[in-house]
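Summary of structural features
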Amino acid sequence: MLESLTALLQVALYAGLLSASGSVFARATLLPRHDDAEYLAQIMRRGAALMLIASPLSAGVLVLRLGGELDEPTLSAVFLSSSGAALALHVTGALLLLTASSDDSVVMLLSYAILPLLGFAFSGHAAGIGPVEGAVAVAHVSMAAWWLASLFYLRRGCEQWQFDRLVSAVTRFSSLAFILTGVLVIGGLVLILILVDFSKDPWLTPYGWILGAKLCVVAVLLTLAGYNRRRLTPRLLQGDASAVQALRATIGAELLLIAAVLTITSILTTYTSPHD
């Protein structure tokens, strides 16, 4: 029961963190107009609120999993540890993002957005190995955050913007996505090489099975993203307005696949370990 609750809270934490920090990254790179900057600010604040709910609850559930005693050893294990450092970064970053305004400078917002992401440098399977591995995890999650929020931004564009404005935004996104998604994929592969001992048949373990399922979903997601870049974006550039609805549908599918990846990741980190 407590493990299931932990996994559920992890999904909420991931969703809140990626949307809150990612909306700032999207604003900094996609250069939205004022009304769209406010839309991204709404996503930022909602994600921050979700973080503020999920992070303390996760800490409370961890206390219960350690026996439920509010004694010094238990509290130290939760709050005076790497998990406690990650919790502090999540809560501090969430508070700053929740109270931030769309009129704040991009540099200030970026400093707020990076704080909760740094939690992955202190807590998690990669962070448990060393600081370099934790830094790779931070970079990997940061790229995922940008991708998620940018998709929300473009989906809004498909619904509300004029055609020329949408084409401009999609063109800019595509040029950035080619690089940033590459960083995301490379970071993920590096983490797998760091965490998984391939000399011991990892695909025969529960961790390997769930990781394999995650990789399959990611492969479908990347295929869909490649279809958008190679098929739909050229149609938009050629003035084909019928591609807008197709783009909106594929973006919706990408968002669902990202939700599946976050769910599988929470199961992977809650129930299994690469070191088992």
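Coordinates for the structure precede this section.
Quick look at the structure, then. (Residues numbered from 1 in each chain as written. Predicted model: local features only at pLDDT ≥ 70, side-chain atom pairs only at ≥ 80, totals over all residues. Heavy atoms only, no water.)

1. Overview of the overall build of the protein chain
- Counting its secondary structure elements, the protein chain contains 9 helices and 0 strands.
- Shown N-terminal to C-terminal, the secondary structure of the protein chain runs as helices and strands in the order α-α-α-α-α-α-α-α-α.
- For 276 residues, the compact-globule estimate of 2.2 N^0.38 gives 19 Å, and the C-alpha radius of gyration of the protein chain, at 19 Å, lies within 12% of that figure.
- Once the C-alpha set of the protein chain is aligned to its principal axes, its extents read approximately 65 × 45 × 35 Å.
- Per-residue burial over the protein chain gives 47% buried out of 276 residues.
- In the protein chain, the share of contacts with a sequence separation of at least 24, taken over all contacts with a separation of at least 6, comes to 76%.
- Charge centroids of the protein chain, computed over 16 positive and 17 negative side chains, lie 13 Å from each other. (Helix = DSSP H or I, 4+ residues; strand = E, 2+ residues; numbered from the N terminus. Rg over C-alpha atoms; globule rule 2.2 N^0.38 Å. Buried < 20%, exposed > 50% of the residue type's maximum accessible area, 1.4 Å probe, protein only. Contact = heavy atoms within 4.5 Å. Lys, Arg positive; Asp, Glu negative; His and termini not counted. Charge placed at Lys NZ, Arg CZ, Asp CG, Glu CD.)

2. Brief notes about the layout of surface pockets
- Of the volumes computed, that of the second largest pocket is approximately 350 Å³.
- Looking at the second largest pocket, it is lined by 19 residues, and the ones nearest its centre are Ala177, Thr181, Ala225, Gly226 and Arg229.
- Class assignment for the residues of the lining of the second largest pocket results in 11 nonpolar, 5 polar and 3 charged. (1 Å grid on protein atoms, 1.4 Å probe; cavity = no way out; pocket = protein on both sides within 12 Å on 5 of 7 lines; lining within 4 Å. Points joined across faces, edges and corners; volume = space filled by probe spheres on them. Nonpolar A, V, L, I, M, F, W, Y, C, P; charged D, E, K, R; others polar.)

3. As for the pattern of salt bridges
- In total, this model carries 7 salt bridges according to the counting rule given.
- Between Arg156 and Asp36 there is a salt bridge; the shortest N-O distance is 3.0 Å. Of the two residues, Arg156 sits in helix 6 (residues 131-160) while Asp36 sits in helix 2 (residues 34-65), which places them 120 residues apart along the sequence.
- Of the residues examined, Arg156 reaches a relative accessible area of 17% and is grouped as buried.
- A salt bridge links Arg45 to Glu38, with the nearest nitrogen and oxygen atoms 2.8 Å apart.
- By relative accessible area, Arg45 is classed as partly exposed at 23%.
- Residues joined in a network through salt bridges with shared partners are Asp36, Arg156 and Arg165. (Salt bridge = Lys/Arg side-chain N within 4 Å of Asp/Glu carboxyl O.)

4. Looking at the nonpolar core
- Of all hydrophobic cores here, the largest spans 72 residues; its most connected members are Leu97, Trp146 and Phe173.
- Listing elements by their share of this core, those giving two or more residues are helix 1 (2-30), helix 2, helix 4 (82-99), helix 5 (106-117), helix 6, helix 7 (163-195), helix 8 (206-237) and helix 9 (243-271).
- Among residues more than four places away in sequence, those in contact with Phe173 are Leu30, Trp146, Trp147, Ser150, Leu151 and Leu154. (Core = buried A, V, L, I, M, F, W, Y, C linked by side-chain atoms within 4.5 Å.)

5. Considerations on unusual backbone geometry
- Although it is not a glycine, Leu31 adopts a positive phi angle of roughly 50°.
- Along the polypeptide, Leu31 turns up in the loop between helix 1 and helix 2.
- Note on Leu31: relative accessible area 57%, which makes it exposed.

6. Quick word on the side chain of Thr250
- Checked against the element boundaries, Thr250 lands in helix 9.
- With a relative accessible area of 10%, Thr250 lands in the buried category.
- In terms of polar contacts, Thr250 uses its side chain to reach the side chain of Asn228, at 2.8 Å.
- Other than its neighbours up to four places away in sequence, Thr250 contacts Leu224, Tyr227, Asn228 and Leu232. (Polar contact = N/O pair within 3.5 Å; in protein donor to acceptor, adjacent residues only side chain to side chain.)

7. Thoughts on the packing of aromatic side chains
- Using the criterion set out here, one finds 3 aromatic pairs in the structure.
- Measuring from ring centre to ring centre gives 5.3 Å for Trp146 and Phe173, while their planes differ by 15°; the resulting arrangement is stacked. Taken together, the residues Trp146 in helix 6 and Phe173 in helix 7 connect sequence positions 27 residues apart. Of the two residues, Trp146 and Phe173, both sit in the buried class.
- Above the face of the Tyr39 ring, Arg156 is positioned so that its terminal group lies 4.5 Å from the ring centre. (Phe/Tyr/Trp six-rings, centres within 6.5 Å; stacked < 30°, edge-to-face > 60°. Lys NZ or Arg CZ within 6 Å of the ring centre and 35° of its normal.)

8. Looking at empty space enclosed by the protein
- Applying the stated criterion across every chain yields a total of 1 cavity of 30 Å³ or more.
- Size it by volume and the largest cavity reaches roughly 40 Å³.
- As for the largest cavity, its lining consists of Ser23, Val24, Arg27, Ala37, Leu40, Ala41, Met44 and Leu109.
- Breaking the lining of the largest cavity down by element, the ones donating at least two residues are helix 1 and helix 2.
- If one sorts the elements of the lining of the largest cavity by residue count, helix 2 sits on top with 4 residues.
- Its residues placed into classes, the lining of the largest cavity shows 6 nonpolar, 1 polar and 1 charged.

9. Quick notes on the packing of helix 2 against helix 4
- The contact between helix 2 and helix 4 brings their axes to 8 Å, and the two run at 155°. Regarding the angle of helix 2 to helix 4, the classification is roughly antiparallel. The way helix 2 lies across helix 4 gives a crossing that is left-handed. The segment helix 2 lies against helix 4, with Met44, Arg45, Ala48, Ala49, Met51, Leu52, Ser55, Pro56, Ala59 and Leu62 engaging Ser83, Leu87, His90, Val91, Ala94, Leu95, Leu97 and Leu98.
- The class makeup of the residues in the contact of helix 2 with helix 4 is 14 nonpolar, 3 polar and 1 charged. (Axes fitted to C-alpha atoms, helices over the stretch in contact; angles between N-to-C directions. Parallel < 35°, antiparallel > 145°, perpendicular 65-115°, else oblique. Left-handed = near helix turned anticlockwise from the far one by under 90°.)

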